[in-house]
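Spelled out from the first residue to the last, the chains are:
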Amino acid sequence: MPATEDAPDVDVEHVGRGTHRTRVTRVETTAGDGGRPFVLVAGVGVAATYFEFLAPSLAEHGDVFALDLPGFAGMPRPGDQPTAEFFADRVEEVLDHYGLEDPVVIGHSMGTQVVTEVLIRRPQLRHAVLVSPVVNDQESSLPIVALRFAQSATRETFHLAMTALSAYVLCGFVYFMQVLPHMLRYRLVERMPRVEASVLFIRGEYDATSPRRFHSRLVAAAQNARRWEIRGAAHSIINAHAVGAAELIVTHANDTLPPKGRMPAEEAAVPPPPHAGIGVVWSAMRERAAEWWSAARRDEAGVERAKERHARILWRVYSRARQDPRREVR
């Protein structure tokens, strides 16, 4: 996608072969030239669409690589066991393919398990961010985990709920249930002492799946860790509170973030674009629907076109709103 008005340049590629392929959405802006890259790994069943606000925010500081792992977002389901180790293999393939020697690696939810495995294997990685890590080792049975996710879901936005639901449909119930037991058995607290990178743990105030006591144990187990909380947020911080998450990630990567703290919700939330017309909302929804339909049909060219158009729409709305908040974007 040609960059216009400093808009992000979005490219979609595949890394790997057969059922071991990972879809990589690469987001670049001229403002991020020369900065360290960011690698984004989403949670169980969901897709890089979760990063629709976080990716362009981080792209102002460096290239962003948002991953759709095998079996998620319409990607072929692998025959291998979908363990954290298997998905870490796929992340390493992406790092090697693009020659990313020292990116900032960010995992959300189950993605924190995948990122942790990558960090253990690659001690040269200096910074990582684990957002809403799971599973709490003191509440790891399926009924309790399901209850905690349900409690957190009541605090999420309708937009986020629809984004998650559409991703779960693409993933499919059968594959989701194949991944879930491996996620429940993974013990972050036991793996964390082997991580040499500087780690930032971020949780939402209302995230019942990733409680404060769990974060306390994670920080105590880690060699070098910080912890922050975003007030008013729940589990899916990377979407509804992407502004704050991006600020914390960049500050952590620069080693200028205090060891712990809390960020007010009003500073972290993605603001609604002022005076955006109904046409903009409809266009954004249409491109997201086109992306979903293309992914369901295994139409990768259609996925790329929809991602590019959606990125253009978001950038145009927010950039114009910053230039003139009274101007309606159509």
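Residues numbered from 1 in each chain as written. Predicted model: local features only at pLDDT ≥ 70, side-chain atom pairs only at ≥ 80, totals over all residues. Heavy atoms only, no water.

Turning next to the overall build of the protein chain. Along the backbone of the protein chain there are 13 helices and nine strands. A globule of 330 residues ought to have a C-alpha radius of gyration of about 20 Å, and the protein chain, at 18 Å, matches this closely. Expressed as lengths along the three principal axes of its C-alpha atoms, the size of the protein chain is roughly 50 × 45 × 40 Å. Counting only residues that meet the buried cut, the protein chain has 55% of its 330 residues in that class. Of all intrachain contacts in the protein chain linking residues separated by at least 6 positions in sequence, the fraction that spans at least 24 positions is 77%. Summed over its atoms, the accessible surface of the protein chain is roughly 14,100 Å², and 53% of this surface lies on carbon and sulfur atoms. One way to put it: in the protein chain the 39 positive side-chain charges average out to a point 5 Å from where the 40 negative ones average out. (Helix = DSSP H or I, 4+ residues; strand = E, 2+ residues; numbered from the N terminus. Rg over C-alpha atoms; globule rule 2.2 N^0.38 Å. Buried < 20%, exposed > 50% of the residue type's maximum accessible area, 1.4 Å probe, protein only. Contact = heavy atoms within 4.5 Å. Areas by Shrake-Rupley, 256 points an atom, 1.4 Å probe, with all protein chains shown as cover. Lys, Arg positive; Asp, Glu negative; His and termini not counted. Charge placed at Lys NZ, Arg CZ, Asp CG, Glu CD.)

Right, let's get into helix 8 (residues 212–221). Residues F214, H215, L218 and A221 constitute the buried set of helix 8. The buried residues of helix 8 occupy an angular sector of 125 degrees when projected down its axis, which confines them to one face. Turned more than 90 degrees away from the buried face of helix 8 sit R213 and A220, all of them exposed. The secondary structure elements touched by the buried residues of helix 8 are helix 7 (188–191), strand 7 (198–204) and strand 8 (225–230). (Arc of directions from axis to C-beta.)

What follows concerns the layout of surface pockets. If you add up the space inside the largest pocket, you get close to 1,000 Å³. Lining the largest pocket are 42 residues, with E52, H159, T163, M285 and R288 sitting closest to its centre. Elements represented by at least two residues in the lining of the largest pocket include exactly helix 5 (158–171), helix 9 (237–240), helix 12 (278–296) and helix 13 (300–323). Sort the elements by how many residues they give to the lining of the largest pocket and helix 12 lands first, with nine residues. Taken together, the residues of the lining of the largest pocket break down into 28 nonpolar, eight polar and six charged. (1 Å grid on protein atoms, 1.4 Å probe; cavity = no way out; pocket = protein on both sides within 12 Å on 5 of 7 lines; lining within 4 Å. Points joined across faces, edges and corners; volume = space filled by probe spheres on them. Nonpolar A, V, L, I, M, F, W, Y, C, P; charged D, E, K, R; others polar.)

Along helix 3 (residues 111–121), ten of the eleven residues are buried, which leaves the element largely enclosed by surrounding structure. Of all the residues in helix 3, the buried ones are G111, T112, Q113, V114, V115, T116, E117, V118, L119 and I120. Each element contacted by the buried residues of helix 3 is listed here: strand 3 (38–41), helix 2 (84–98), strand 5 (104–108), strand 6 (127–131), helix 6 (173–185) and helix 7.

The peptide bond linking V134 to V135 adopts the cis configuration, its omega dihedral lying at 5 degrees. Mapped onto the elements, V135 comes out in the loop between strand 6 and helix 4 (142–153). For A73, which is not glycine, the phi dihedral falls at a positive 60 degrees. Turning to its location among the elements, A73 is positioned in the loop between strand 4 (64–68) and helix 2. Classification of A73 by relative accessible area gives buried; the value is 5%.

Evaluation of the coordinates by the stated rule reveals one cavity of 30 Å³ or more. Forming the walls of the largest cavity are V134, V135, N136, E139, V145, R148, F149, A208 and T209. Looking at the lining of the largest cavity residue by residue, the classes come out as five nonpolar, two polar and two charged.

Sheet architecture is open: nine strands sit in the order 1-2-4-3-5-6-7-8-9, paired in mixed fashion. Strands at the two margins of the open sheet, each flanked by one partner only, are strand 1 (9–15) and strand 9 (260–263). Here the average twist between neighbouring strands, direction ignored, is 20 degrees. Running over the sheet, helix 3 touches strand 3, strand 5 and strand 6 and is turned about 145 degrees from strand 5. (Pairing = 2+ DSSP bridges. Axes fitted to C-alpha atoms, helices over the stretch in contact; angles between N-to-C directions.)

On to the packing of helix 2 against helix 3, then. The interhelical angle for the contact between helix 2 and helix 3, taken along N-to-C directions, is 65 degrees, at an axis separation of 8 Å. Regarding helix 2 and helix 3, the two cross each other, and that crossing is right-handed. Contact residues: helix 2 offers A84, E85, F87, A88, D89, V91, E92 and L95, while helix 3 offers Q113, V114, E117, V118 and R121. (Left-handed = near helix turned anticlockwise from the far one by under 90°.)

Moving on to the nonpolar core. In this structure, L67 and F87 are the most contacted members of the largest nonpolar core, which totals 48 residues. Only strand 3, strand 4, helix 2, helix 3, strand 6, helix 6, strand 7 and helix 8 provide two or more residues apiece to this core. Ignoring any residue separated from it by four or fewer positions in sequence, one finds L67 in contact with T22, R23, V24, V39, L40, V41, A48, V91 and V94. In terms of nonpolar packing, the next biggest core, distinct from the first, is built from 43 residues, V27, L40, V131 and L200 among them. (Core = buried A, V, L, I, M, F, W, Y, C linked by side-chain atoms within 4.5 Å.)

Together, L142, F173, V174 and M177 make up an exposed nonpolar region whose accessible area comes to about 420 Å². Of the residues forming the nonpolar patch, the biggest block, three residues, is contributed by helix 6. Looking at the secondary structure, you find V174 in helix 6. (Patch = residues over 30% accessible without salt bridge, like charges linked within 9 Å, V, L, I, M, F, W, Y side chains within 5 Å. Salt bridge = Lys/Arg side-chain N within 4 Å of Asp/Glu carboxyl O.)

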